[in-house]
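# Summary of the model geometry
One letter stands for each residue in the lines below.
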Amino acid sequence: MNTPDSRRVRDLVYETLASEGRAPSVAELARRTRSTTEATQKILHELAEAHALVLTADGDAVRMAHPFTAAPMAFVVTPLDGHDDRRWWGGCAWDSFGISAALDLDVRIDTACPQCGTPIAYQAGPRLPPPAELAVRFPRPAGEWWDDVVATCTMIRTFCDRGHAERWTADNAPGGGYIAEAATVWRLAGPWYGDRLDSEFQPHSREHNQRLLDECGLTGPFWRLP
(Lines give C-alpha, C1' and ligand atoms only; values in the text may rest on other atoms or scores of the structure.)
Protein backbone atom coordinates (compact mmCIF):
# COMPACT_ATOMS: atom_id res chain seq x y z
CA MET A 1 0.00 0.00 0.00
CA ASN A 2 2.86 2.34 -0.82
CA THR A 3 0.95 4.37 -3.44
CA PRO A 4 -2.56 5.89 -3.66
CA ASP A 5 -3.37 3.45 -6.49
CA SER A 6 -2.42 0.37 -4.49
CA ARG A 7 -4.32 1.71 -1.49
CA ARG A 8 -7.42 2.22 -3.61
CA VAL A 9 -7.25 -1.30 -5.04
CA ARG A 10 -6.75 -2.80 -1.60
CA ASP A 11 -9.66 -0.83 -0.15
CA LEU A 12 -11.97 -1.81 -3.03
CA VAL A 13 -11.20 -5.48 -2.46
CA TYR A 14 -12.11 -5.17 1.21
CA GLU A 15 -15.18 -3.02 0.57
CA THR A 16 -16.58 -5.56 -1.90
CA LEU A 17 -15.89 -8.55 0.32
CA ALA A 18 -17.47 -6.81 3.30
CA SER A 19 -20.58 -5.58 1.49
CA GLU A 20 -21.18 -8.43 -0.94
CA GLY A 21 -19.26 -11.45 0.35
CA ARG A 22 -17.30 -11.77 -2.90
CA ALA A 23 -14.01 -10.56 -4.33
CA PRO A 24 -14.04 -8.10 -7.24
CA SER A 25 -12.51 -9.26 -10.52
CA VAL A 26 -9.41 -7.69 -12.01
CA ALA A 27 -11.55 -6.12 -14.74
CA GLU A 28 -13.93 -4.66 -12.14
CA LEU A 29 -11.07 -3.21 -10.13
CA ALA A 30 -9.56 -1.71 -13.28
CA ARG A 31 -12.87 -0.11 -14.25
CA ARG A 32 -13.52 1.29 -10.80
CA THR A 33 -10.02 2.75 -10.53
CA ARG A 34 -10.05 3.95 -14.16
CA SER A 35 -6.96 1.93 -14.87
CA THR A 36 -5.97 -0.98 -17.12
CA THR A 37 -6.22 -4.66 -16.28
CA GLU A 38 -2.45 -4.97 -16.70
CA ALA A 39 -1.72 -2.18 -14.22
CA THR A 40 -4.31 -3.53 -11.80
CA GLN A 41 -2.89 -7.04 -12.01
CA LYS A 42 0.55 -5.65 -11.22
CA ILE A 43 -0.82 -3.86 -8.15
CA LEU A 44 -2.55 -7.04 -6.95
CA HIS A 45 0.72 -8.96 -7.20
CA GLU A 46 2.51 -6.23 -5.25
CA LEU A 47 -0.18 -6.36 -2.56
CA ALA A 48 0.15 -10.13 -2.40
CA GLU A 49 3.93 -9.85 -2.01
CA ALA A 50 3.30 -7.51 0.92
CA HIS A 51 0.81 -10.01 2.46
CA ALA A 52 -1.98 -7.43 2.12
CA LEU A 53 -4.07 -10.07 0.32
CA VAL A 54 -3.74 -13.54 -1.22
CA LEU A 55 -4.16 -14.40 -4.89
CA THR A 56 -5.39 -17.64 -6.42
CA ALA A 57 -2.86 -20.27 -7.45
CA ASP A 58 -2.95 -18.90 -11.01
CA GLY A 59 -2.42 -15.38 -9.72
CA ASP A 60 -5.34 -13.94 -11.67
CA ALA A 61 -7.91 -13.33 -8.92
CA VAL A 62 -8.20 -12.49 -5.23
CA ARG A 63 -8.38 -15.64 -3.09
CA MET A 64 -8.29 -14.12 0.38
CA ALA A 65 -8.12 -10.71 2.03
CA HIS A 66 -7.92 -11.64 5.69
CA PRO A 67 -10.24 -12.16 7.45
CA PHE A 68 -12.36 -12.63 4.30
CA THR A 69 -12.09 -15.38 1.72
CA ALA A 70 -13.60 -15.57 -1.75
CA ALA A 71 -14.01 -19.37 -1.66
CA PRO A 72 -15.53 -21.89 0.77
CA MET A 73 -13.23 -22.84 3.65
CA ALA A 74 -15.42 -24.78 6.11
CA PHE A 75 -16.98 -21.76 7.87
CA VAL A 76 -20.11 -19.77 7.04
CA VAL A 77 -20.60 -16.45 8.81
CA THR A 78 -24.11 -14.97 9.02
CA PRO A 79 -25.29 -11.76 10.74
CA LEU A 80 -27.48 -12.40 13.77
CA ASP A 81 -29.69 -9.53 12.65
CA GLY A 82 -32.29 -11.25 10.48
CA HIS A 83 -32.68 -8.12 8.37
CA ASP A 84 -29.06 -8.27 7.15
CA ASP A 85 -28.84 -10.74 4.27
CA ARG A 86 -25.07 -10.65 3.77
CA ARG A 87 -23.10 -13.90 4.04
CA TRP A 88 -19.38 -14.60 4.18
CA TRP A 89 -17.08 -17.58 3.95
CA GLY A 90 -14.82 -17.70 6.99
CA GLY A 91 -11.26 -18.56 6.08
CA CYS A 92 -10.79 -20.37 9.40
CA ALA A 93 -11.96 -20.28 13.01
CA TRP A 94 -9.82 -17.22 13.71
CA ASP A 95 -10.89 -15.40 10.55
CA SER A 96 -14.55 -16.07 11.31
CA PHE A 97 -14.16 -14.15 14.56
CA GLY A 98 -12.16 -11.59 12.58
CA ILE A 99 -15.08 -10.93 10.21
CA SER A 100 -17.27 -10.16 13.20
CA ALA A 101 -14.59 -7.85 14.60
CA ALA A 102 -13.92 -6.05 11.32
CA LEU A 103 -17.62 -5.45 10.72
CA ASP A 104 -18.41 -4.75 14.41
CA LEU A 105 -21.22 -7.25 14.02
CA ASP A 106 -22.70 -10.10 16.05
CA VAL A 107 -22.71 -13.23 13.89
CA ARG A 108 -23.59 -16.89 13.77
CA ILE A 109 -20.73 -19.16 12.70
CA ASP A 110 -21.49 -22.56 11.15
CA THR A 111 -18.87 -25.28 10.74
CA ALA A 112 -18.33 -28.94 11.68
CA CYS A 113 -15.99 -30.70 14.10
CA PRO A 114 -13.19 -32.40 12.12
CA GLN A 115 -13.05 -35.24 14.66
CA CYS A 116 -16.68 -36.34 14.84
CA GLY A 117 -18.29 -34.49 11.93
CA THR A 118 -20.96 -32.98 14.15
CA PRO A 119 -22.26 -29.62 12.85
CA ILE A 120 -21.34 -26.77 15.17
CA ALA A 121 -23.23 -23.48 15.18
CA TYR A 122 -22.25 -20.78 17.62
CA GLN A 123 -22.68 -17.05 18.12
CA ALA A 124 -19.92 -14.51 18.55
CA GLY A 125 -19.53 -10.77 18.37
CA PRO A 126 -17.22 -7.94 19.37
CA ARG A 127 -18.48 -8.27 22.94
CA LEU A 128 -20.02 -11.75 22.65
CA PRO A 129 -17.53 -14.60 23.27
CA PRO A 130 -18.05 -18.07 21.79
CA PRO A 131 -19.07 -21.05 23.95
CA ALA A 132 -16.42 -21.93 26.52
CA GLU A 133 -16.13 -25.61 25.55
CA LEU A 134 -15.06 -25.02 21.93
CA ALA A 135 -11.41 -25.50 20.98
CA VAL A 136 -9.39 -24.28 17.99
CA ARG A 137 -6.36 -26.09 16.60
CA PHE A 138 -3.55 -24.26 14.81
CA PRO A 139 -1.67 -26.61 12.44
CA ARG A 140 1.74 -24.94 12.27
CA PRO A 141 3.89 -22.38 14.10
CA ALA A 142 3.39 -18.67 13.47
CA GLY A 143 6.73 -18.47 11.70
CA GLU A 144 5.43 -20.82 9.00
CA TRP A 145 1.92 -19.41 8.44
CA TRP A 146 2.79 -17.62 5.21
CA ASP A 147 4.75 -20.53 3.71
CA ASP A 148 1.33 -21.63 2.42
CA VAL A 149 -1.22 -19.34 4.00
CA VAL A 150 -4.28 -20.91 2.35
CA ALA A 151 -3.27 -24.36 3.63
CA THR A 152 -2.61 -22.88 7.06
CA CYS A 153 -6.02 -21.22 7.22
CA THR A 154 -7.75 -24.34 5.90
CA MET A 155 -6.61 -26.28 8.96
CA ILE A 156 -7.29 -23.71 11.70
CA ARG A 157 -10.48 -25.51 12.68
CA THR A 158 -13.01 -25.45 15.49
CA PHE A 159 -13.61 -28.64 17.49
CA CYS A 160 -16.46 -29.59 19.82
CA ASP A 161 -14.01 -29.52 22.71
CA ARG A 162 -10.34 -29.97 23.56
CA GLY A 163 -10.70 -33.74 23.80
CA HIS A 164 -11.86 -33.97 20.20
CA ALA A 165 -9.02 -31.69 19.09
CA GLU A 166 -6.50 -33.84 20.93
CA ARG A 167 -7.84 -37.09 19.45
CA TRP A 168 -7.85 -35.66 15.93
CA THR A 169 -4.26 -34.47 16.38
CA ALA A 170 -3.13 -37.85 17.73
CA ASP A 171 -4.67 -39.65 14.75
CA ASN A 172 -3.74 -37.20 12.00
CA ALA A 173 -0.81 -35.01 13.07
CA PRO A 174 0.85 -36.56 16.13
CA GLY A 175 3.01 -34.08 17.98
CA GLY A 176 2.02 -31.19 15.75
CA GLY A 177 -0.01 -28.04 16.16
CA TYR A 178 -1.37 -26.08 19.08
CA ILE A 179 -4.81 -26.30 20.67
CA ALA A 180 -6.30 -23.13 22.13
CA GLU A 181 -9.61 -22.25 23.69
CA ALA A 182 -11.93 -20.68 21.13
CA ALA A 183 -12.43 -17.76 23.52
CA THR A 184 -8.69 -17.05 23.40
CA VAL A 185 -8.77 -16.95 19.60
CA TRP A 186 -11.83 -14.69 19.77
CA ARG A 187 -9.95 -12.29 22.06
CA LEU A 188 -7.05 -12.23 19.61
CA ALA A 189 -9.28 -11.60 16.59
CA GLY A 190 -10.67 -8.32 17.95
CA PRO A 191 -7.49 -6.21 17.95
CA TRP A 192 -5.89 -8.21 15.12
CA TYR A 193 -8.72 -7.63 12.63
CA GLY A 194 -10.94 -4.97 14.19
CA ASP A 195 -9.37 -2.09 12.24
CA ARG A 196 -9.08 -3.92 8.89
CA LEU A 197 -11.89 -1.89 7.27
CA ASP A 198 -10.94 1.49 8.79
CA SER A 199 -10.32 4.25 6.27
CA GLU A 200 -6.95 4.99 7.87
CA PHE A 201 -5.88 1.37 8.26
CA GLN A 202 -2.17 0.70 8.18
CA PRO A 203 -0.60 -2.77 8.35
CA HIS A 204 0.39 -3.76 11.87
CA SER A 205 4.07 -4.11 12.60
CA ARG A 206 5.51 -7.47 13.58
CA GLU A 207 6.12 -6.08 17.07
CA HIS A 208 2.51 -4.95 17.38
CA ASN A 209 1.15 -8.36 16.39
CA GLN A 210 3.61 -10.17 18.64
CA ARG A 211 2.35 -8.08 21.53
CA LEU A 212 -1.25 -9.05 20.70
CA LEU A 213 -0.32 -12.72 20.82
CA ASP A 214 1.51 -12.26 24.11
CA GLU A 215 -1.44 -10.42 25.65
CA CYS A 216 -3.69 -13.39 24.84
CA GLY A 217 -1.28 -15.80 26.51
CA LEU A 218 -0.09 -17.21 23.19
CA THR A 219 3.61 -17.26 23.99
CA GLY A 220 6.65 -19.43 23.41
CA PRO A 221 8.40 -20.63 20.24
CA PHE A 222 5.20 -21.79 18.50
CA TRP A 223 3.86 -18.22 18.52
CA ARG A 224 7.03 -16.40 17.52
CA LEU A 225 6.36 -14.38 14.34
CA PRO A 226 9.04 -14.27 11.63
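To be clear, the structure that these remarks concern was listed above.
Because the structure is a prediction, the values reported are computed rather than measured. (Residues numbered from 1 in each chain as written. Predicted model: local features only at pLDDT ≥ 70, side-chain atom pairs only at ≥ 80, totals over all residues. Heavy atoms only, no water.)

### Description of the pairing of strand 8 (residues 135-138)
Here strand 8 shows two buried faces, one formed by A135 and R137 and the other by V136 and F138. Summarising the sheet, strand 8 and strand 9 (residues 157-159) pair through three bridges and their orientation is antiparallel. Each bridged residue has a counterpart across the sheet, and for V136 the counterpart in strand 9 is T158. The pairing of strand 8 with strand 10 (residues 178-181) spans four bridges and is antiparallel. In the sheet register, V136 faces strand 10, and the bridge partner there is A180. (Buried < 20%, exposed > 50% of the residue type's maximum accessible area, 1.4 Å probe, protein only. Helix = DSSP H or I, 4+ residues; strand = E, 2+ residues; numbered from the N terminus. Pairing = 2+ DSSP bridges.)

### Section: the pairing of strand 2 (residues 62-65)
Where strand 1 (residues 54-55) lies against strand 2, two bridges are found, and the strand directions are antiparallel. Paired with V54 across the two strands is M64, which belongs to strand 2. Hairpin connection of strand 1 to strand 2: six residues between the antiparallel strands, including G59 at a positive phi of 75°. Bridge count for strand 2 against strand 3 (residues 68-69) is two bridges, and the pairing is antiparallel. Paired with A65 across the two strands is F68, which belongs to strand 3.

### Overview of the packing of aromatic side chains
As enumerated under the stated definition, the model contains 13 aromatic pairs in all. With 6.3 Å between their ring centres and 75° between their planes, Y14 and F68 make a pair best called edge-to-face. Linking Y14 in helix 1 (residues 4-20) with F68 in strand 3, this pair joins segments that are 54 residues apart in sequence. The two residues Y14 and F68 agree in class, both being buried. Ring geometry for F222 against W223: centres 5.2 Å apart, planes inclined by 65°, an arrangement best described as edge-to-face. Across the pair, W223 and F222 agree in class, each one buried. An aromatic cluster is built from W94, F138, W145, Y178, W192, Y193, F222 and W223, whose rings are joined through pairwise contacts. (Phe/Tyr/Trp six-rings, centres within 6.5 Å; stacked < 30°, edge-to-face > 60°.)

### A few points about the side chain of H164
Positionally, H164 belongs in helix 6 (residues 162-172). Since its relative accessible area comes to 14%, H164 is described here as buried. Among residues more than four places away in sequence, those in contact with H164 are C113, Q115, C116 and F159. (Contact = heavy atoms within 4.5 Å.)

### Remarks on helix 4 (residues 93-103)
The buried fraction of helix 4 amounts to eleven of the eleven residues, a majority that puts the element mostly inside the structure. A positive backbone phi angle near 55° is found at D104, which sits one or two residues after helix 4.

### With respect to the packing of helix 7 (residues 182-193) against helix 8 (residues 206-215)
At their nearest, the axes of helix 7 and helix 8 sit 9 Å apart, and the two run at 160° to each other. Classified by the interaxial angle, the pair formed by helix 7 and helix 8 is roughly antiparallel. As helix 7 runs across helix 8, the sense of the crossing is right-handed. Side by side, helix 7 and helix 8 meet where L188, P191 and W192 of the first sit next to N209, L212 and L213 of the second. (Axes fitted to C-alpha atoms, helices over the stretch in contact; angles between N-to-C directions. Parallel < 35°, antiparallel > 145°, perpendicular 65-115°, else oblique. Left-handed = near helix turned anticlockwise from the far one by under 90°.)

### Some thoughts on unusual backbone geometry
The phi torsion of most residues other than glycine is negative, and most of the peptide bonds are trans. H66 connects to P67 through a cis peptide bond whose omega is 10°. Locating P67 in the fold gives a position in the loop between strand 2 and strand 3. In this structure, H51 is a non-glycine residue whose phi angle is positive, near 65°. By secondary structure assignment, the location of H51 is in the loop between helix 3 (37-49) and strand 1. Assessed through its relative accessible area of 41%, H51 is described here as partly exposed. Of note, A74 is a non-glycine position whose phi angle comes to about 80°, a positive value. Locating A74 in the fold gives a position in the loop between strand 3 and strand 4 (75-79).

All we've got here are geometric facts, nothing functional implied.
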